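Coordinate inspection notes
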Amino acid sequence: MKTQVGIIGAGPAGLLLSHMLHLQGIESFIVEQRTRDDIEATIKAGVLEHPTVELLKQIGVGERMVKEGYVHNGIELSFGGKRHRIDLPELTGGKSITVYPQHEVIKDLVAAVLANGTTIEFGVSDVSLHDLESTQPGIRYTKNGEAQEIRADFIGGCDGFHGPSRQAIPANLREEHAKVYPCGWFGILCEAPPSSDELIYAQSDRGFVLVSTRTPTVQRLYFQCDPKDSVDNWSDERIWAEFRARLANDDGWEIKEGPIFQKGIIAMRSFVCETMQHGRLFLAGDSAHIVPPTGAKGLNLAAGDVVLLTRAITDFYRNNSQDGLDGYSTRAVKRVWRGEHFSWWMTNMLHDFEGEDTITRRFRRSQLEYVVSSRAAATSLAENYVGVPFEGITE
Ligand code: FAD
Ligand code: DHB
């Protein structure tokens with residue numbers, strides 16, 4: 001089998017890449033290890049940055065997001081028993097974020113990609129990459145017990161943190177920067193109306209809490225936990241008691257409680273692989289970089305990579321130019337480092353870590369007080385939170 005771009009992974013990065021290439025008249029083929037039902041039901045991200053929202057509208061997959069997503073014009077930072085609002089449009093020249101779940105983005109993209117006539121091979125196994133330095137690299141995989149191979153002009157390695165693409169770059173050519181945090185996030189979905197009109201990022205001596213939302217009847221909430229803890233240790237009553245203790249405040253505001261129907265623990269790490277390319281293989285999204293979830297950046301960074309990669313591949317076919325491809329990693333990683341730093345900074349400002357000295361805790365409080373009292377500091381947070389433009393980092 002032959003195609004122009006072979007894509008590994010039908011996550012946000014792989015699906016976006018396929019659809020954006022299609023709009024440029026470029027053919028692709030996607031292999032995905034999970035089933036369609038599985039990828040369309042996995043609960044992950046919730047926050048889409050301004051540039052991501054504009055992109056999804058521009059490429060014709062934003063209709064349901066506009067109808068069913070929620071535009072948020074602010075977030076709240078809570079500490080010392082008080083909540084403080086950061087007004088996003090006021091500080092960023094009118095920009096906001098949209099709460100629209102990742103699995104809904106996935107549904108919209110899968111529908112668009114299939115309508116384009118592109119094949120997504122679901123449920124494949126044994127995926128491996130070959131001949132990356134040739135002009136016809138290959139992807140081998142097994143489907144229904146049979147070995148298959150696709151040859152392509154380029155491979156998009158969009159297979160997330162644990163996929164094979166990054167590992168296909170020789171280890172001596174990869175510089176990997178990694179940091180693992182000594183905490184995780186315990187996430188729940190519950191049947192209750194939103195406790196707040198806007199997201200609340202809360203720092204407390206018992207650890208961080210994020211109050212987010214999904215629909216008028218479903219809330220998404222997270223609390224900082226031990227990454228090695230198990231959801232089985234947390235009864236619903238214990239979870240609500242922990243939320244109440246961490247969200248205690250002076251103004252009588254209370255979290256709305258309801259039946260919990262999903263629980264999970266996610267690890268937190270910062271990770272960047274430099275380079276993001278090798279021969280005809282190009283990494284995009286979590287396969288090349290991971291952020292802790294505090295800044296809501298992961299999916300949005302994947303979108304930034306895909307914009308650059310689509311442009312580079314289009315330029316190759318249309319103008320016979322290699323420049324975009326050669327410079328892909330150097331260009332993409334600039335926006336990635338901005339998101340990485342912001343996520344690390346938000347994580348440190350909002351989480352308490354076991355065994356910390358008292359001076360670190362005082363620094364944290366001072367930082368929070370500065371962010372909510374200085375327009376300059378609040379603007380910096382807001383500008384990063386709504387998302388720097390895809391083209392906004394100087395070369
Ligand atoms: P993935 O979504 O990981 O997709 C990779 C795909 O490749 C998967 O479908 C996988 O099955 C497939 N694959 C893997 N290995 C193979 C293989 N060997 N063969 C074939 N296919 C393979 N980001 C935000 O921007 N905003 C948020 O609010 C936010 N909140 C989050 C909350 C949670 C709880 C979590 C877990 C993440 C959150 N993120 C958020 C991060 C975001 O979900 C990820 O950054 C995003 O999914 C990355 O997309 P991707 O396409 O690069 O990778
Ligand atoms: C959500 C996740 C995040 O990581 C974040 O910073 C904000 C919201 C969410 O899932 O709603």
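None of these values were measured; they are calculated from a predicted model.

Digging into the site of ligand 2
Taken together, 14 residues sit near ligand 2, with Tyr201, Ser212, Arg214, Tyr222 and Pro293 positioned nearest. Backbone polar atom of alanine 296 to an oxygen atom of ligand 2: 3.5 Å apart, as the coordinates give it. For ligand 2, whose unbound accessible area comes to 290 Å², protein coverage reaches 96%. Elements with a minimum of two residues in the shell around ligand 2: strand 13 (199–202), strand 14 (209–215) and strand 15 (218–225).

Overview of the UniProt feature "domain: FAD-binding" (unreviewed entry) in the protein chain
Under the UniProt annotation, the feature "domain: FAD-binding" (unreviewed entry) is placed at residues 2–341. When the span residues 2–341 is considered, its composition is 30% helix and 34% strand, and the gap between its end C-alpha atoms is 40 Å.

Thoughts on the site of ligand 1
If you check the shell around ligand 1, you find 31 residues, and the closest are Glu32, Gln102, Asp286, Leu299 and Asn300. One of the side-chain nitrogen or oxygen atoms of glutamate 32 is found 2.6 Å away from an oxygen atom of ligand 1. Glycine 298 places a main-chain nitrogen or oxygen 3.3 Å from an oxygen atom of ligand 1. Its free accessible area being 990 Å², ligand 1 has 88% of it covered by the protein chains. For the shell around ligand 1, the secondary structure elements donating two or more residues are helix 1 (12–23), strand 15 and helix 8 (298–319). Top contributing element to the shell around ligand 1 by residue count: helix 8, with 3 residues.

Section: the nonpolar core
Leu15 and Leu16 are the most contacted members of the largest nonpolar core, which totals 64 residues. It is helix 8 that provides the largest number of residues to this core, a total of 10 residues. Ignoring any residue separated from it by four or fewer positions in sequence, one finds leucine 16 in contact with Leu55, Leu56, Ile59, Leu109, Ala303 and Val306. In this structure, Leu77, Leu210, Phe353 and Tyr385 belong to the second largest nonpolar core, which totals 33 residues.

Some details on the pattern of salt bridges
Overall, the coordinates contain 31 salt bridges when judged by the stated rule. The partner of lysine 143 in a salt bridge is glutamate 121, and the shortest N-O contact between them spans 3.4 Å. On the criterion of sequence distance, the pair formed by lysine 143 in strand 10 (residues 138–143) and glutamate 121 in strand 8 (residues 119–121) is long-range, its members being 22 residues apart. Pair check on accessibility: lysine 143 and glutamate 121 agree, each one buried. Among the charged side chains, a network of salt bridges with common partners joins Arg64, Glu68, Glu104, Lys107 and Asp108.

Things to note about helix 11 (residues 358–373)
With 16 residues, helix 11 ought to run about 22 Å at 1.5 Å a step, and its terminal C-alpha atoms sit 23 Å apart, in line with that. Along helix 11, the positions that sit buried rather than exposed are Arg364, Leu368 and Val371. Seen from one end, helix 11 has its buried residues packed into an arc of 65°, which puts them on one side. For helix 11, the exposed residues lying more than 90 degrees away from the buried face are Thr358, Arg362, Phe363 and Ser373. Those residues of helix 11 hidden inside the fold are in contact with strand 5 (74–79), strand 6 (82–87), helix 10 (328–350) and helix 12 (375–386).

Focus: the sheet that holds strand 3 (residues 47–48)
Sheet architecture is open: 3 strands sit in the order 3-7-4, paired in antiparallel fashion. Looking at which strands have only one partner, the edges of the open sheet turn out to be strand 3 and strand 4 (70–72). Bridge count between strand 3 and strand 7 (residues 97–99): 2 bridges; the pairing is antiparallel. From the neighbouring strand, valine 47 faces strand 7, where its bridge partner is valine 99.

Reading guide: rules and limits
- Residues numbered from 1 in each chain as written.
- Chains lettered and ligands numbered in written order.
- Predicted model: local features only at pLDDT ≥ 70, side-chain atom pairs only at ≥ 80, totals over all residues.
- Heavy atoms only, no water.
- Near = heavy atom within 4 Å.
- Polar contact = N/O pair within 3.5 Å; in protein donor to acceptor, adjacent residues only side chain to side chain.
- Areas by Shrake-Rupley, 256 points an atom, 1.4 Å probe, with all protein chains shown as cover.
- Helix = DSSP H or I, 4+ residues; strand = E, 2+ residues; numbered from the N terminus.
- UniProt positions renumbered as here; feature names shortened; annotations may be inferred.
- Core = buried A, V, L, I, M, F, W, Y, C linked by side-chain atoms within 4.5 Å.
- Buried < 20%, exposed > 50% of the residue type's maximum accessible area, 1.4 Å probe, protein only.
- Contact = heavy atoms within 4.5 Å.
- Salt bridge = Lys/Arg side-chain N within 4 Å of Asp/Glu carboxyl O.
- Expected span 1.5 Å × (residues − 1).
- Arc of directions from axis to C-beta.
- Pairing = 2+ DSSP bridges.

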